[in-house]
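Survey of secondary and tertiary structure
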Amino acid sequence: MSSGKVIIVGSGVAGMAAAIRLAVQGFAVQVYEKNSYPGGKLTAFEKDGYLFDAGPSLFTQPQNLEELFALAGENITDYFQYKKADFICNYFFENGIALHANNNPELFANELQEKLGEEKNAVLSYLKESEKIYNNIGSVFLNHSLHKRSTWFNKRILPALRTVKTGYVFGTLNKHNKKRFKTPEAVQLFNRYATYNGSNPYKAPGMLGLIPHLEYTEGAFYPQGGMISITNALHQLALKKGVTFFFNTPVQKIIHHEGKTRGVVVNDTNVMADIVVSNMDVYFTYQYLLNDVRKAAKVLKQERSSSALVFYWGIKREFVPLGLHNIFFTKNYAAEFASLFTTKTLYNDPTVYINITAKMQQGMAPDGKENWFVMINVPANTGQNWNDFTQQARKNILEKLNRLLQTDIELLIETEEILTPVLIEERTASYQGSLYGTSSNSKWAAFLRHPNFTATIKNLYCCGGSVHPGGGIPLCFKSAKIVSELIKTDFRAGH
Ligand SMILES: Cc1cc2nc3c(=O)[nH]c(=O)nc-3n(C[C@H](O)[C@H](O)[C@H](O)COP(=O)(O)OP(=O)(O)OC[C@H]3O[C@@H](n4cnc5c(N)ncnc54)[C@H](O)[C@@H]3O)c2cc1C
């Protein structure tokens, strides 16, 4: 057991998961959070009887949470319950095709065969390959720091590297999918997985073909009470393990002296610690907390991930064809991604995602009504006119949904809230409002993402979506695990 004090900057998923792990290791852990609530992007709100998850809506790899509770010696079911969703997603195409992606790979493959004419075996072998890429390569690279020699001497590395096909690195995800499927609908469906870390399938490497495995083989899950239950469970577990939280307390500066972290400044007062872990966007960590403009600029050499415009709509009717997750695809995916990453403008026929937790649980919306979380991907904020974009996007989305659902949706909206990239940045200090830190729009993105430690300041570590292994809840959990293991090793070595 270690004794020493750790300060964590920010109470996002990764910050809280790191806090729990370090408290279990025996550290006295304090979390400073600028907001009045924990969870960062993983938050929720209630309006006019509708409950809305405000940020993430897809929950995969519950084993990350299970592992935390087991490590802490607590029974997860006392804090958190979840179930497997029967359907992964409903997909709607402009040509009238609708797919209901079952969580059973066989049934999903049958559906693609019947409705699209894709060979069932092509679908099943795609999912098998996805599983293989994840197990052989993904799990090694996502669970370890890529910036420590020990990782490269790990005995799993060589066998993992041997399974990397050139197409996984040098081909794009779109190319990977086009080789395996003959219909544009199947290619589009599997290209969509690049958006799971805010990337562009026409640029991101084929390696992202590992993501469907997480949904189709491992499963998509629904947390009882909605996604906010993840935040609540983490917060409660951290408190139980003795972690102290200070809300409404932004960290103003990280103190370091002679190449070593000494603590932080909050409320204009020095608070000393042996270790500091920043869960704040790594760009802002350098820019504001360390005043290191040069390092901050270096972080920006990596393209940011996309952001989102979200409309939270209380809908005064139920829609039978819809489920928990629904996607209404654009006709022209390539043009949509060019808008997102090249021209950084709004695309007039966006792919629309709708999440409805009322489909899974009573009480999330008034009886006979539905809580719609309606999201489109938009470029990260580089100063576009978001008032104009929001109005235009609302119109585009309504036109598309009216067409595909054959109803005047606007007449059914009885309450509304909106989230823009600017608000995402304001609320969670994520540079440009990007959802997942940096994108994976280059072959080397995984290697160029910032490490989980800083090279020049000892005992300063980084976790969360803007650093290795990247954004999204499962990877944030992994970054917390990597940080806690680095700290364990460093402290054993007497840092
Ligand atoms: C609309 C939306 C939809 C998404 N959909 C999904 C999804 O379906 N599935 C999925 O897996 N992921 C999704 N994501 C991404 C996911 O939410 C993030 O990757 C993840 O929650 C990031 O967690 P984090 O630990 O990096 O911290 P964040 O959530 O970014 O939190 C960082 C915390 O640090 C605090 N902070 C910052 N600066 C300071 C400071 N100086 N002092 C003190 N505190 C500070 C912030 O207030 C914040 O609470 C979505 C995100 C959004 C916004």
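Preceding block: the structure.
Residues numbered from 1 in each chain as written. Predicted model: local features only at pLDDT ≥ 70, side-chain atom pairs only at ≥ 80, totals over all residues.

What about the site of the ligand?
How we decide: Nearness here is judged by the C-beta atom: place it from the backbone, and if it falls within 6 Å of a molecule or strand, the residue counts as near that partner. Only runs of H or I of at least four residues qualify as helices and only runs of E of at least two qualify as strands under DSSP, and these elements are numbered from the N terminus. Under the scheme applied here, ten amino acids are nonpolar (Ala, Val, Leu, Ile, Met, Phe, Trp, Tyr, Cys and Pro), four are charged (Asp, Glu, Lys and Arg), and all others, including Gly, are polar.
Close contacts around the ligand come from 36 residues, with G10, G12, G40, P56 and G464 the closest. Contributions of two or more residues to the shell around the ligand are made by α1 (13-24), β15 (307-315), α16 (421-428) and α18 (473-492). Per element, the largest residue contribution to the shell around the ligand is three residues, and it comes from α1. For the shell around the ligand, a count of residues per class yields 18 nonpolar, 15 polar and three charged.

Focus: the packing of helix α8 (residues 173-180) against helix α9 (residues 184-191)
For the record, the criterion: Axes here refer to lines fitted to C-alpha atoms; in helices the fit is confined to the stretch in contact. Angles between the N-to-C directions go from 0 to 180 degrees. A clockwise turn of the near helix away from the far one marks a right-handed crossing, whereas an anticlockwise turn of less than a right angle marks a left-handed crossing. Here, residues touch in the contact sense if the C-beta positions derived from the backbone fall within 7 Å of one another.
One way to put it is that α8 packs onto α9 with a least axis distance of 9 Å and a crossing angle of 145°. For the element pair α8 and α9, the recorded crossing hand is right-handed. Contacts from L173, N174, N177 and K178 of α8 reach α9 at V187, F190 and N191. Residue classes in the contact of α8 with α9 are distributed as three nonpolar, three polar and one charged.

Some words on unusual backbone geometry
The condition is simple: To sort residues by exposure, count the other C-beta atoms lying within 10 Å of each residue's C-beta; 20 or more gives buried, 12 or fewer gives exposed, and values between give partly exposed, all with C-beta atoms placed from the backbone.
The omega torsion across H468 and P469 is 0°, close enough to zero to call that bond cis. Looking at the element boundaries, P469 is found in the loop between β20 (460-462) and α18. Although it is not a glycine, Q61 sits at a positive phi angle of roughly 50°. Mapped onto the elements, Q61 comes out in the loop between β5 (59-60) and α2 (63-71). A positive phi angle is found at A429, which is not glycine, with a value near 55°. Within the secondary structure, A429 sits in the loop between α16 and α17 (445-448). Residue A429 is classed as buried on the basis of its C-beta count, with 21 C-beta atoms lying within 10 Å.

These figures come from the coordinates and say nothing about function on their own.
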